[in-house]
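# Inside the fold
One-letter residues, chain by chain:
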Amino acid sequence: MPASIVTLSTRAPAGALDPTFDREPSVDRRIQAIVAGASTAETCNTDLAAEPWTFDTRPGYGPGSSMGDVIPTGAPRQGELPEEYRTATDAELADRIRTAKQTLGDRVVVLGHFYQREEVVIHADYVGDSFQLAGAAQAHPEAEAIVFCGVHFMAETADLLSRPEQAVILPNLAAGCSMADMADIDQVEDCWEDLAEIYGDLDTPDAEGLLPVIPVTYMNSSAAIKGFVGRHGGIVCTSSNARTVLEWAFARGRRVLFFPDQHLGRNTAKAMGVPVEQMPLWNPRRPLGGSTEETLLDARVILWHGFCSVHRRFTVDQIETARADHPGVRVIVHPECPMDVVDAADAAGSTDFIRKAIQAAEEPTTFAIGTEINLVQRLAAEHPQHEIFCLDPVVCPCSTMYRIHPGYLAWVLEGLVDGEVRNRITVPADVADPARLALERMLAAKPPAAPASGWENAS
Ligand code: SF4
């Protein structure tokens, strides 16, 4: 897997920035400039200009796209970051991170998610989506520690796929994922019991060898949910392989229970020809998920009531504005976007699909992209021959990715240099074994090297 090719940049004074930010890869600097009045652009919350440790002791997901979501009681919190890391300049932190990485050498691998801030990504050995990064962790059995600059479920997945002796570290424990948190294991177990009352024994196949329901979970879910799926004959999917995984599930069951992201489930199944009427929503706070027995008996895909607050910000209005302002624009969105947005776009697919679509464009092209702003700005900086912009004009990064800051990265790396493992993420064995089984089924259904799937809409 190739390392990301990046150059080090440090925060510039806001007033010195080009207010158009055409080729500015740093969302952090862009927000600083907006708040300082050096840009007429808008951000969803001016608190984003503060450093993330400001929010570590407060309840909630913090500023950004998930700020309106309800954080579960007992969600991990981050203890106070020592003052020396909070007061260091960006340049000092960058120097400390580089020095610690040099000292540690092959003993550590640093992974950076596509949605991570640029000031962290520049230190990553690998940059990719959650599954690519779990693969990168697996490819380094010699590393004693894997520092995952992403969110909690990603670090759990890396722990599942790495050697038991390897420590997987999440630099800020408050970096959860509001979508993953929407599928709570107790609620999922209750749902399963309700479904058993309607469909009968869920573990016994019918005369044609099909089970009543196959549970399918998106990679963006807790290890507990992956373990549940593994125990009940189910499978994990990513946004790159969701179609292949649904085909796998339909070969084994009458219907699918899909969680936590209703939009990925609906968009993928619809593209496969499943009627929307046969995809009822399951709201865990309502009796029978807010559905009826008749609807559930007719269902092909039961969609958990979860969503990503980053991708829910994209609208059909934004697409129409982009088409009016940029004739010939090519609109590509992530399948975590609502169905009307995916239908109105030219194409939809995973982050890998979006990157490859831009890389494949031979002529200078204008792209309007519907995914997290850090990836969009990085793509714009990497492809100056194209005009690339985010469909959402309001700068609103993922609240939880934002919680990883170079200060935390320096803190965990220097801890390793001193022989101390900080913020280790460990999945208990009783959860890990079935969760691994669900991941292995996915790998057997579609190896990671297979091309990312997405779809083009008819024009
Ligand atoms: S972008 Fe959405 S799904 Fe991804 S970590 Fe953020 S909230 Fe979770």
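Residues numbered from 1 in each chain as written. Predicted model: local features only at pLDDT ≥ 70, side-chain atom pairs only at ≥ 80, totals over all residues. Heavy atoms only, no water.

## As for the pairing of strand E10 (residues 301-304)
Burial of the side chains of E10 extends over both faces: Val301 and Leu303 are buried on one face and Ile302 and Trp304 on the other. Across three bridges, strand E8 (residues 256-259) lies against E10 in parallel orientation. Looking across to E10, one finds that Phe258 is bridged to Leu303. Each parallel crossover has a hand, and the one from strand E9 (residues 281-282) via helix H12 (residues 293-298) to E10 is right-handed. (Buried < 20%, exposed > 50% of the residue type's maximum accessible area, 1.4 Å probe, protein only. Helix = DSSP H or I, 4+ residues; strand = E, 2+ residues; numbered from the N terminus. Pairing = 2+ DSSP bridges. Right-handed = clockwise from strand over helix to strand, strands pointing away.)

## What to know about the sheet that holds E8
Adjacent strands of a sheet form backbone hydrogen bonds with each other and so pair up, either parallel or antiparallel. Ordered by their spatial adjacency, five strands build an open sheet running E7-E6-E8-E10-E9, and the pairing between neighbours is parallel. Only two strands of the sheet have a single neighbouring strand rather than two, namely strand E7 (235-237) and E9.

## Some thoughts on the state of the cysteines
By definition, a disulfide links the sulfur atoms of two cysteine residues through a covalent bond. Considering all chains together, one arrives at one disulfide under this definition. With a sulfur-sulfur separation of 2.2 Å, Cys44 is cross-linked through a disulfide to Cys396. One disulfide, between Cys44 and Cys396, carries an S-S torsion of 80° and so falls in the right-handed class. Here Cys44, found in the loop between strand E1 (42-43) and helix H2 (83-87), pairs with Cys396, found in the loop between strand E15 (394-395) and helix H17 (406-417); they are 352 residues apart in sequence, far enough to count as distant. We classify Cys396 as buried; its relative accessible area is 7%. (Disulfide = S-S within 2.5 Å.)

## Re a negative patch on the surface
On the surface, Asp184, Asp186, Asp190, Glu193 and Glu197 cluster together into a negatively charged patch. With respect to the helices and strands, Asp184 occurs in the loop between helix H7 (178-181) and helix H8 (185-199). (Patch = residues over 30% accessible without salt bridge, like charges linked within 9 Å, V, L, I, M, F, W, Y side chains within 5 Å. Areas by Shrake-Rupley, 256 points an atom, 1.4 Å probe, with all protein chains shown as cover. Salt bridge = Lys/Arg side-chain N within 4 Å of Asp/Glu carboxyl O. Lys, Arg positive; Asp, Glu negative; His and termini not counted. Charge placed at Lys NZ, Arg CZ, Asp CG, Glu CD.)

## A closer look at unusual backbone geometry
The omega torsion across Phe259 and Pro260 is -5°, close enough to zero to call that bond cis. Secondary-structure assignment places Pro260 in the loop between E8 and helix H11 (262-271). At Leu288, a position not held by glycine, the phi torsion is positive, near 50°. Relative to the helices and strands, Leu288 resides in the loop between E9 and H12.

## Digging into the pairing of strand E14 (residues 387-390)
Taking every second residue as pointing to the same face, the buried face of E14 carries Ile388 and Cys390, while none of Glu387 and Phe389 on the other face is buried. Once the chain exits strand E13 (residues 366-370) it traverses helix H16 (residues 373-382) before rejoining the sheet at E14, and the crossover so formed is right-handed.

## Regarding the nonpolar core
Nonpolar side chains in soluble globular proteins tend to end up buried together. Counting 143 residues, the largest nonpolar core has Val147 and Leu413 as the members making the most contacts within it. Here this core takes seven residues from H17, the largest share from any one element. Once residues lying within four places of it in the same chain are set aside, the contact partners of Val147 are Val108, Val109, Val110, Leu111, Ile169, Pro171, Leu409, Val412, Leu413 and Leu416. (Core = buried A, V, L, I, M, F, W, Y, C linked by side-chain atoms within 4.5 Å. Contact = heavy atoms within 4.5 Å.)

## What about the layout of surface pockets?
Here the second largest pocket is characterised by a volume of approximately 770 Å³. Mapped onto the lining of the second largest pocket, the elements with two or more residues apiece are helix H6 (152-161), H7 and H8. (1 Å grid on protein atoms, 1.4 Å probe; cavity = no way out; pocket = protein on both sides within 12 Å on 5 of 7 lines; lining within 4 Å. Points joined across faces, edges and corners; volume = space filled by probe spheres on them.)

## Observations regarding the packing of helix H5 (residues 130-138) against H6
The geometry of H5 relative to H6 is characterised by a closest axis approach of 9 Å and an angle of 35° between their N-to-C directions. Between H5 and H6 the crossing geometry is right-handed. Facing Ser130, Phe131, Ala134, Ala137 and Gln138 of H5, the residues of H6 in contact are Phe153, Met154, Thr157, Ala158 and Leu161. Partitioned by chemical class, the residues of the contact of H5 with H6 number seven nonpolar, three polar and no charged. (Axes fitted to C-alpha atoms, helices over the stretch in contact; angles between N-to-C directions. Left-handed = near helix turned anticlockwise from the far one by under 90°. Nonpolar A, V, L, I, M, F, W, Y, C, P; charged D, E, K, R; others polar.)

## Quick word on empty space enclosed by the protein
With the rule as written, the count across this model stands at three cavities of 30 Å³ or more. What the largest cavity holds in volume is close to 90 Å³. Within the lining of the largest cavity, the residues separate by chemical class into eight nonpolar, two polar and three charged.

As far as function goes, none of this settles anything; it's purely spatial.
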